[in-house]
Every structure is written in C-alpha cells, then in structure tokens.
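Coordinates in review
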Amino acid sequence: MAVNNPYQSYQQNSVTQSTPGELTLMLYNGCIKFLNQAKKGIETNNIELRNTNIQKAQAIIREFMITLDKSVPVSESMFDLYEYMNNRLIEANVKNDASIIEEVIGYTTEFRDTWKQVIQINRQKQYGKPGEV
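Scope of this entry: the structure provided in the associated data block.

A few words now on the overall build of the protein. Along the backbone of the protein there are 5 helices and 0 strands. Along the protein, helices (α) and strands (β) appear in the sequence α-α-α-α-α when read from the amino end. Relative to its 133 residues, the protein shows a buried fraction of 31%. Intrachain contacts of the protein at a sequence separation of at least 6 include 60% that bridge at least 24 residues. Total accessible area on the protein is roughly 9,100 Å²; 54% of this is exposed by carbon and sulfur atoms.

Spelled out as structure tokens, the structure:
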C-alpha cells in the first residue's frame, strides 16, 4: 500500500490542473529557484550544488527554446535571448562566477514578471473586469 504524501499530492494536482500559461510561470519560478541554488553553491564552494542546479536551469531554458512558436515574429528574438542565457550559464559553471548567474536571474525574472502580466491580462479579457456581470 502506498503512503500518501500531502505535499506531493498538492504538487501533482497543481501541475495537472494548471493552464499552459500557469505551467510556464511555474517553469520560470523553478528556473529562478535553481539559479539561486547554483549561486549558493558558488558562494559555499559546493561544486556539486552549483553544477546540478545550473544544469536544471539550463534544461528549463532549453525547453523554452524548443517550445517557442516559430510563427510568432518575436520568437526569433526570444530564442536568441534564451540561447545567450544558456551560453552564459555554461560560462558561469566553467568560471565559477556568481555574477553571471545573477545576470541570468535578472533576465529570467523579467521574463517571469512579463509572463505573469500576460496571464493577468488574459484572465481579465476572459472573465471580464471585477464587478462586471
């Protein structure tokens, strides 16, 4: 008999019941979390922590690159920015440089915040403004 872990159940439900936009937001948040852990690895001279978390962040960035809608004109610019971020993370890992990770955190945070605004705007359009019937 399997033991139910309430936190694991919550996580599973939050993923399976989320919209594609919400899942993208979760990925941005996860990427930021991994980058902060990688930075901590550099600060504490923990090579494994740094390397593992940089690789996790890179996997998310590669996923963003792969899933870009090429029919949208801005996707080419987004691809180039993601590629730049990925290359910077390779450099951060090789050079053990927290400032490069901080730079990538900045870009990722901007993308996340913009994405959050897009979700809010779409919800307002879909469900109307508060007080409307």
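Text resumes after the structure shown.
Among the nonpolar cores identified, the biggest contains 23 residues, and Leu35, Ile61, Tyr82, Leu89 and Ile101 are the most heavily contacted of them. Every element with two or more residues in this core is listed here: α2 (20-43), α3 (47-66), α4 (74-95) and α5 (98-127). Apart from residues no more than four positions distant in its own chain, Leu89 is found in contact with Leu35, Ile54, Ala57, Gln58, Ile61, Ile101 and Val104.

Tallied over the full model, the rule gives 5 aromatic pairs. Ring centres of Phe64 and Tyr82 lie 5.4 Å apart, and the angle between their planes is 25 degrees; this geometry places the pair in the stacked category. One end of the pair, Phe64, is in helix α3; the other, Tyr82, is in helix α4, with 18 residues separating them in the sequence. With relative accessibility at 3%, the residue Tyr82 sits in the buried group. Seen in terms of ring centroids, Tyr82 and Phe111 are 5.5 Å apart; in terms of plane orientation they differ by 65 degrees. Their pairing is edge-to-face. Separated by 29 residues along the polypeptide, Tyr82 in helix α4 and Phe111 in helix α5 bring together distant segments of the chain.

Turning our eyes to something else, we now look at the packing of α2 against α5. Packing of α2 against α5 brings their axes to within 9 Å, and their N-to-C directions diverge by 160 degrees. Taken together, the axes of α2 and α5 lie roughly antiparallel to each other. Read as a crossing pair, α2 and α5 show a hand that is left-handed. Its residues assigned to classes, the contact of α2 with α5 shows 14 nonpolar, 6 polar and 6 charged.

What sets the pattern is the α-helix's 3.6 residues per turn: residues three or four places apart point alike. Spanning 24 residues, α2 covers 35 Å between terminal C-alpha atoms, matching the ideal 34 Å at 1.5 Å per step. Following α2 by one or two positions, Asn45 adopts a phi angle in the positive range, close to 60 degrees.

Parameters and conventions
- Residues numbered from 1 in each chain as written.
- Predicted model: local features only at pLDDT ≥ 70, side-chain atom pairs only at ≥ 80, totals over all residues.
- Heavy atoms only, no water.
- Helix = DSSP H or I, 4+ residues; strand = E, 2+ residues; numbered from the N terminus.
- Buried < 20%, exposed > 50% of the residue type's maximum accessible area, 1.4 Å probe, protein only.
- Contact = heavy atoms within 4.5 Å.
- Areas by Shrake-Rupley, 256 points an atom, 1.4 Å probe, with all protein chains shown as cover.
- Core = buried A, V, L, I, M, F, W, Y, C linked by side-chain atoms within 4.5 Å.
- Phe/Tyr/Trp six-rings, centres within 6.5 Å; stacked < 30°, edge-to-face > 60°.
- Axes fitted to C-alpha atoms, helices over the stretch in contact; angles between N-to-C directions.
- Parallel < 35°, antiparallel > 145°, perpendicular 65-115°, else oblique.
- Left-handed = near helix turned anticlockwise from the far one by under 90°.
- Nonpolar A, V, L, I, M, F, W, Y, C, P; charged D, E, K, R; others polar.
- Expected span 1.5 Å × (residues − 1).

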